[in-house]
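# Fold and geometry: a report
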Amino acid sequence: MRARITSYLVTLWVVLTLNFLLPRLLPGDPLAALLDPQSSDYVFDAEVRAALEACYGLDRPLLVQYGAYLRGAVTGDLGQSIRLNEPVGELLTGHLPWTLLLTGSALGLASLVGLLGGAEAAWRRGSAADRLLTAVSVVTSNAPVYFLGMMLLIVFGAELGWFPLAGGRTPFSHYDSIPAATADVVKHLVLPALTLTLSLLGIQFLLVRNNMVAILGEDFMLVARAKGLKPARLKWRHALRNTLLPFVAHLAAQAGLAITGAVFIETLFQYPGMGRLIFEAVGARDYPVIQGVFLLVAIVVLTANLLADWLNTRLDPRLAEEVSR
Amino acid sequence: MTEPLLSVQDLHVHFLAEPADGRGAGAVRAVDGVSFDLAAGQALAIVGETGSGKTSIGRALLGLHPPGSTWGSIRLAGLELVGSAEAEWRPLRWRRIAMAVQSAGTAFDPVYRIGEQIAEPMREHLGLPADEAATRAGALARRVGLEARHLRAYPHQLSGGEKQRAMLAMALSCEPEVLIVDEPTSGQDVLSRAQLLDLLRQVRVETGLCLILISHDLAAAAQVAERVAVLYAGKLVEVGTAREVLEQPRHPYTWGLLNAYPNMTTARDLRGIRGHSPDPSDPPSGCRFHPRCTQAVDLCRQAKPPLVEIGGRLIACHLGGLQTLLQASDLRKAFSSNGKGEVVTAVRGVSLEVYEGEVVALVGETGSGKTTLGRLLVGLLDADSGHVVFEGQDLAALNGRERKALRRRIQFVAQDPFDAISPRLTVAAIVREPLDVQRFGSVPERAKKVRDALRAVGLPAEPPFLERRAHELSGGQLQRVAIARALVLDPKMIVADEPVSMLDASEQAKVINLLKEVQSERGMGLLLVSHDLALVRKVADRILVMRQGQVVEGGPASRVVTRPQHEYTHALLQAAPALGWEVGQV
Ligand SMILES: Nc1ncnc2c1ncn2[C@@H]1O[C@H](COP(=O)(O)OP(=O)(O)OP(=O)(O)O)[C@@H](O)[C@H]1O
Ligand code: SF4
Ligand SMILES: [Mg+2]
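Because the structure is predicted, anything quoted here is derived from the model rather than measured. Numbering of residues starts from 1 in each chain and follows the order in which that chain's sequence is written. Here every chain gets a letter starting at A, and every ligand a number starting at 1, in the order they are written. Where totals are concerned, whole chains, interfaces and linings use all residues; where local detail is concerned, this predicted model gives features only for residues with pLDDT of at least 70, and gives and counts side-chain atom pairs only at 80 or more. Only hydrogens and water are set aside; all other atoms, that is, all heavy atoms of the structure, feed into the side-chain values.

In DSSP terms, a helix is any run of H or I states spanning at least four residues, a strand is any run of E spanning at least two, and both are numbered starting from the N terminus. Counting secondary structure elements, chain A contains 13 helices and 0 strands. When the helices and strands of chain A are read in sequence order from the N terminus, they spell out α-α-α-α-α-α-α-α-α-α-α-α-α. Sorting the 325 residues of chain A into buried and exposed places 41% on the buried side. Taking contacts inside chain A between residues at least 6 apart in sequence as the whole, the part at least 24 apart equals 76%. With the model as given, the accessible surface of chain A reaches about 16,800 Å², and the carbon-plus-sulfur share is 68%. Only protein chains enter the accessibility calculation, which uses a 1.4 Å probe; a residue is then buried when its area is under 20% of its type maximum, exposed when over 50%, and partly exposed in between. The contact criterion used throughout is that any non-hydrogen atoms of two residues lie within 4.5 Å. Here the open area of atoms and residues is found with the Shrake-Rupley method and a 1.4 Å probe, where only the protein chains shown may cover a residue.

All names here are of chain B. Of all 6 residues making up strand β9 (residues 227-232), 5 are buried, and the element is well covered by its neighbours. Two strands make a pair as long as DSSP finds a minimum of two bridges between them. Bridge count for strand β3 (residues 43-47) against β9 is 4 bridges, and the pairing is parallel. Each bridged residue has a counterpart across the sheet, and for Ala 45 the counterpart in β9 is Val 228. Looking at chain direction, β9 and strand β10 (residues 235-241) are connected through 6 bridges and run antiparallel. Its bridge partner lying in β10, Arg 227 is registered against Thr 241. Adjacent in sequence and paired antiparallel, β9 and β10 are bridged by 2 residues, among which Ala 233 carries a positive phi angle near 50°.

In this section: the site of ligand 1. Residue and element names in this part refer to chain B. For ligand 1, the set of nearby residues contains 14 residues, the closest of which are Thr 50, Lys 54, Thr 55, Ser 56 and Gln 102. Pairs of N or O atoms within 3.5 Å make up the polar contacts considered here, provided that, within protein, one atom can donate a hydrogen while the other can accept it, and that residues adjacent in sequence are counted only when both atoms are side-chain atoms. Within the contact set of ligand 1, an oxygen atom lies 3.2 Å away from a backbone nitrogen or oxygen of Ser 52. Take Thr 55: an N or O atom from its side chain is 2.6 Å from an oxygen atom of ligand 1. Expressed as a share of its isolated accessible area of 640 Å², the protein-covered part of ligand 1 is 66%. Residue proximity to a molecule or strand is established when one non-hydrogen atom of the residue lies within 4 Å of it.

Okay, the pattern of salt bridges next. Salt bridges are identified by distance alone: a Lys or Arg side-chain nitrogen within 4 Å of an Asp or Glu carboxyl oxygen. Applying the stated criterion across every chain yields a total of 43 salt bridges over all chains. Between Arg29(B) and Asp32(B) there is a salt bridge; the shortest N-O distance is 3.1 Å. Exposure remark for Arg29(B): the relative accessible area of 31% places this residue in the partly exposed category. By relative accessible area, Asp32(B) is classed as buried at 5%. Note that Asp32(B) is salt-bridged to Arg288(B), the shortest N-O span being 2.5 Å. With Asp32(B) in strand β2 (residues 28-38) and Arg288(B) in the loop between α10 (252-260) and α11 (298-302), the pair connects residues that are 256 residues apart, well separated along the chain. The pair formed by Asp32(B) and Arg288(B) is uniform in burial state, with each residue classed as buried. Each member of the salt-bridge network shares a partner with another, and the members are Lys227(A), Lys230(A), Arg233(A), Arg237(A), Glu116(B), Glu120(B) and Glu124(B).

Residues and elements named next belong to chain B. In this analysis a donor is any N, O or S atom within 2.8 Å of a metal ion (3.2 Å for sodium, potassium and calcium), and since water is not included, sites may seem incomplete. In this structure, Thr 55 (OG1) and Gln 102 (OE1) serve as the protein donors to the magnesium ion (ligand 3), at separations of 1.8 to 2.3 Å. Of the two residues, Thr 55 sits in helix α1 (residues 54-60) while Gln 102 sits in the loop between β6 (97-100) and α3 (114-125), which places them 47 residues apart along the sequence. Owing to a relative accessible area of 18%, Thr 55 belongs among the buried residues under this scheme. For Gln 102, a relative accessible area of 35% translates into the label partly exposed.

All right, on to the pairing of strand β18 (residues 410-413) of chain B then. Here is the key point about a regular strand: its side chains alternate between the two faces of the sheet. Residue and element names in this part refer to chain B. Residues Ile 410 and Phe 412 point to one face of β18 and Gln 411 and Val 413 to the other, with burial holding for every one of them. Two elements, β18 and strand β19 (residues 493-497), share 4 bridges in a ladder whose sense is parallel. Bridge pairing in β19 places Gln 411 opposite Ile 494.

Next up on the list: the sheet that holds strand β8 (residues 210-215) of chain B. Residue and element names in this part refer to chain B. Ordered in space as β6-β7-β8-β3-β9-β10-β12-β11, the 8 strands form an open sheet in which the pairing is mixed. Strands with a single pairing partner mark the edges of an open sheet, and in this sheet they are β6 and β11 (308-310). If you compare each strand with its neighbour and ignore which way they point, the axes differ by 25° on average. Summarising the sheet, β10 and strand β12 (residues 313-315) pair through 2 bridges and their orientation is antiparallel. By the bridge assignment for β12, Val 239 is matched with Leu 314. In the packing of α10 onto the sheet, the strands contacted are β3, β9 and β10, and the crossing angle to β9 comes to about 100°. Every angle, taken between N-to-C directions, lies between 0 and 180 degrees, and every axis is a line fitted to C-alpha atoms, over only the stretch in contact when it is a helix.

Here we come to the packing of α3(B) against helix α6 (residues 160-172) of chain B. All names here are of chain B. In contact at an axis separation of 8 Å, α3 and α6 are set at 25° when each is read in the N-to-C sense. Compared by their axis directions, α3 and α6 come out roughly parallel. The crossing of α3 and α6 is right-handed. For the pair formed by α3 and α6, the contact residues are Ile 114, Gln 117 and Ile 118 on the first element and Ala 166, Ala 169 and Met 170 on the second. Asp, Glu, Lys and Arg are counted as charged, while Ala, Val, Leu, Ile, Met, Phe, Trp, Tyr, Cys and Pro are counted as nonpolar; the rest, among them Gly, fall into the polar class. The residue makeup of the contact of α3 with α6, split by class, is 5 nonpolar, 1 polar and no charged. Orientation is classified from the angle alone, with under 35 degrees giving roughly parallel, over 145 giving roughly antiparallel, 65 to 115 giving roughly perpendicular, and any other angle giving oblique. Left-handed describes a crossing in which the near helix is turned anticlockwise from the far one by less than a right angle; the clockwise case is right-handed.

In this analysis, rings of Phe, Tyr and Trp, with Trp reduced to its six-membered ring, are considered paired at centre separations within 6.5 Å, and the interplanar angle assigns stacked below 30 degrees, edge-to-face beyond 60, and tilted for intermediate values. The tally for this structure, following the rule as stated, stands at 8 aromatic pairs over all chains. One aromatic cluster is present, built from ring pairs that chain together Phe20(A), Tyr66(A) and Tyr69(A).

Residue and element names in this part refer to chain B. With respect to the element layout, Gln 565 can be found in the loop between α21 (557-562) and α22 (567-575). Take Gln 565: its relative accessible area is 61%, and that puts it in the exposed class. Linking Gln 565 and Glu 553, residues 12 residues apart in sequence, is a C-alpha distance of 7.2 Å. Residues in contact with Gln 565, not counting those within four places in the same chain, are Glu 553 and Arg 559. Reaching out from Gln 565, the side chain makes a polar contact with the backbone oxygen of Arg 563 at a distance of 3.3 Å.

The next subject is a nonpolar patch on the surface. Residues and elements named next belong to chain A. Like charges are joined within 9 Å and nonpolar side chains (Val, Leu, Ile, Met, Phe, Trp, Tyr) within 5 Å, but only among residues with over 30% relative accessible area and no salt bridge; these make up the patches. On the surface, Tyr 146, Met 150, Ile 154, Val 155, Leu 160, Trp 162 and Phe 264 cluster together to form a nonpolar patch covering roughly 670 Å² of accessible area. No other element matches the 4 residues that helix α7 (residues 145-159) contributes to the nonpolar patch. Position of Leu 160 among the secondary structure elements: in the loop between α7 and α8 (178-216).

Residue and element names in this part refer to chain B. Residues belong to a common nonpolar core when they are buried Ala, Val, Leu, Ile, Met, Phe, Trp, Tyr or Cys residues joined through side-chain atoms within 4.5 Å. Leu 6, Met 167, Leu 168 and Ile 212 are the most contacted members of the largest nonpolar core, which totals 98 residues. When residues of this core are assigned to their parent elements, the largest contribution, 7 residues, is made by α6. Beyond its immediate sequence surroundings of up to four residues, Leu 6 is in contact with Phe 36, Asp 37, Leu 38, Leu 61, Ile 74, Arg 75, Leu 76, Val 178 and Ile 212.

This part is about the sheet that holds strand β13 (residues 324-336) of chain B. Residue and element names in this part refer to chain B. Strands sit in the order β14-β13-β16-β17 across an open sheet of 4 strands; the sheet is antiparallel. Of all the strands in the sheet, the pair left with one neighbour each is β14 (343-355) and β17 (393-394). As defined by bridge partners, β13 adjoins strand β16 (residues 385-390) across 5 bridges and the pair is classed as antiparallel. By the bridge assignment, Gln 327 is partnered in β16 with Val 389. In this fold helix α12 (residues 370-377) packs onto β13, β14 and β16, with an angle of close to 125° to the strand it touches most, β13.

Around ligand 2 lies a shell formed by His251(B), Pro252(B), Cys287(B), His290(B), Cys293(B), Gln295(B), Ala296(B), Cys300(B), Cys317(B), His318(B) and Leu319(B). Residues that form the shell around ligand 2 fall into these classes: 7 nonpolar, 4 polar and no charged.

Residues and elements named next belong to chain A. Domain start and stop points were drawn from an automatic or database domain assignment. We note that the domain assignment places domain 1 (16-75) and domain 2 (94-324) within chain A. Averaged C-alpha coordinates put domain 1 and domain 2 at centres separated by 36 Å. Listed as interface residues are 14 residues of domain 1 and, on the opposing side, 7 residues of domain 2. Taken together, the links from domain 1 to domain 2 amount to 0 salt bridges. Here domain 1 is connected to domain 2 by 1 residue pair in polar contact (both at pLDDT 80 or more). Elements with a contribution of two residues or more to the side of domain 1 that touches domain 2: α1 (2-25), α2 (30-34) and α4 (62-75). Among the elements that line the side of domain 1 that touches domain 2, the one with the most residues is α1, at 5 residues. In terms of residue class, the side of domain 1 that touches domain 2 is made up of 10 nonpolar, 2 polar and 2 charged.

What follows is the structure, encoded as structure tokens:
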């Protein structure tokens, strides 16, 4: 496990560095956005510009900026937002819980439905139901998230009016009780989470189905059948249990996908998560915010990876042995 | 006779070919009409090459094939199983018929401990609580030679042999009435192979279950089962007692299989049966073995031979089994040496047979009468008494023309090629001579035959070599030319008299291997006359030992070399330095 953690730390450093370099490779710079000739408060003044650059440290050599950035990342000081003039750390802690709520619930739901549905389809491989589900999954997993979200928004938000159209909770509301607050948050969560679930579900389903079909063809499944075990035991205890291994291995990648999906969905539903923060920060070339957001996303994805790895060593005795060595 | 415990009648297993493979609908006929009965407590071995359908039979007995692919009849104590629904099969599986599968390496679920997997069917079928099932699994494991630590291990932590044992323990867990064991010894070293076979024998004795052993190893099969059924391309070709089938195989395929199988006791070089196993989705017409059979006749291509009883066993062959190519009975020959009436008896009452496609070595010291016997067998000499029958014709009854025609069927390669071949003839002329004598075909046809024969013995077939004269050739080349000359008429049998005695050791091995290769490719009979037991045992199926004009010992090469019965054979073996230790070991 130690070697694995070391490799994660190295990965983290690479991510940190890329995270520093990539925004700076984008055309334009933060001050150009601020000093937009189209904007009303446009003042082109070399002195003002120089003062601003000095204030945000953009005039220093790249290597020095990198050093400061690394130091900040380690100590948790992520700097000030250029656009909003707020500490990046505070911005992040305000937005992160919403994103975690959205991606977590979508990922959980998609996994549950994907596992059960995929297992059932694999068990009846070749049947009409299997072929239908597989076809639908291929379509939904390739449909743009934006499109899925719009459809849900139009049908359940606008037409039927069952769910609110936007936001993470009702603005300016005061709740008398925790259940009331929860109900409000859940109500706002349903459509975005459903959208994300739908966009993840196709892949989850296909992953489970195809892996389980392969496992059903393994020798040990034939032996299990020859042993006269009941179908339920064959399906769940042997086939699905083994399918969990590739499934969990893919879960980390799914977490990354979920967060990417969240960027679009949060914009569409004006959901107050990190997605919107990124969207706006990239538009404004707001380096510290971009860096902070991506850093956090990277940490979340890496943690998900580490967790999936750990979970797999618990699930697969063959890996457990390698790790203890 | 009481009703057998297990009765299989006309069992078929056909797999639908993958629809993805554009060629379409040719079904794989893995099992094509197999019948056998097994009484309680009996053991049957099903033997055949890879792909012959052995495993498919085993799986059919557990109803594991996709619905619709199995038909015929399988009756277990009177209960018809074919056509049962999955739910009807389930209580039978493992409880009444269990199978130790072929691929024990991948037969265990990788995420559960071995002990748990052995206990699983006991919980399922016998309703045992977990702790009792675990205790029983422990007892079973000890019985097959595993320890408690093996039960706690995960499958990937066991060796191949341990998994095979665990598989056996698992198969025995519900005390089935019928146990199928599929290739229990594949991939094992000699020692664990012997131990496993021992174990199977013990299990039989202790439990009295009905055993079906599936194997490609005839010898292993015969150690465990009293009856052997030989399977070829989904059909049974020979069924008999293990002893009979092993010691005197009667079907040409069984015979080939036995010769092809590596035998630990001889250093014999192996060559499989010529050709290769048929494509199960498009089996040959008639007898499925005919493309590889050395004795096939037209009927074999046209009609399927039924499995019928011949001499106490079942054989599927139009000719009733392996044919005798050459049979000699009580041959005698004496020479009056110098006109003074002094008589030397060279051959005194020799009887022998050579079967279709067989290599027989005739071994003996100088002057034991080997060459004389060889010449008698091909009709170059007339016997004083006794008969030589070749392909059903008594040589003594042939007239001159028939005798000439006989040369096309049986050829003689003389001891010393320098002696037998005129040194001034060219290679082409030497090899062509038999064709000229027989007035075979046109001149270009003869030239082609000559080239083919030369190629078959690994010589160049181009003009510069064809024009070389015999005296310009090396010993090895000349010996090959002599063999090519014998081959040029496509004979059914060759008698080769000391074909390599003039060559150095490495050439000897090469030429002897060449002879064997040509023989098995063309499906000829070969009688190899030699004084060198160490050399011929590498290629011979059977060895006859000759001394002072008599055959003093004969038998399968492996037996003669490892357990010689006659003291003279012993002496010959001792004289062959490379063999000394093998004999000492026995
Ligand atoms: N499930 C299947 N689908 C299609 N073809 C199959 C299937 N199982 C076996 N076959 C084919 O049936 C034929 C017989 O296979 P089988 O496994 O019974 O042979 P075997 O005698 O056990 O061989 P081996 O000695 O290699 O174990 C082979 O040609 C094989 O490819
Ligand atoms: S002789 Fe004919 S029937 Fe007999 S095994 Fe050979 S090919 Fe088959
Ligand atoms: Mg097999």
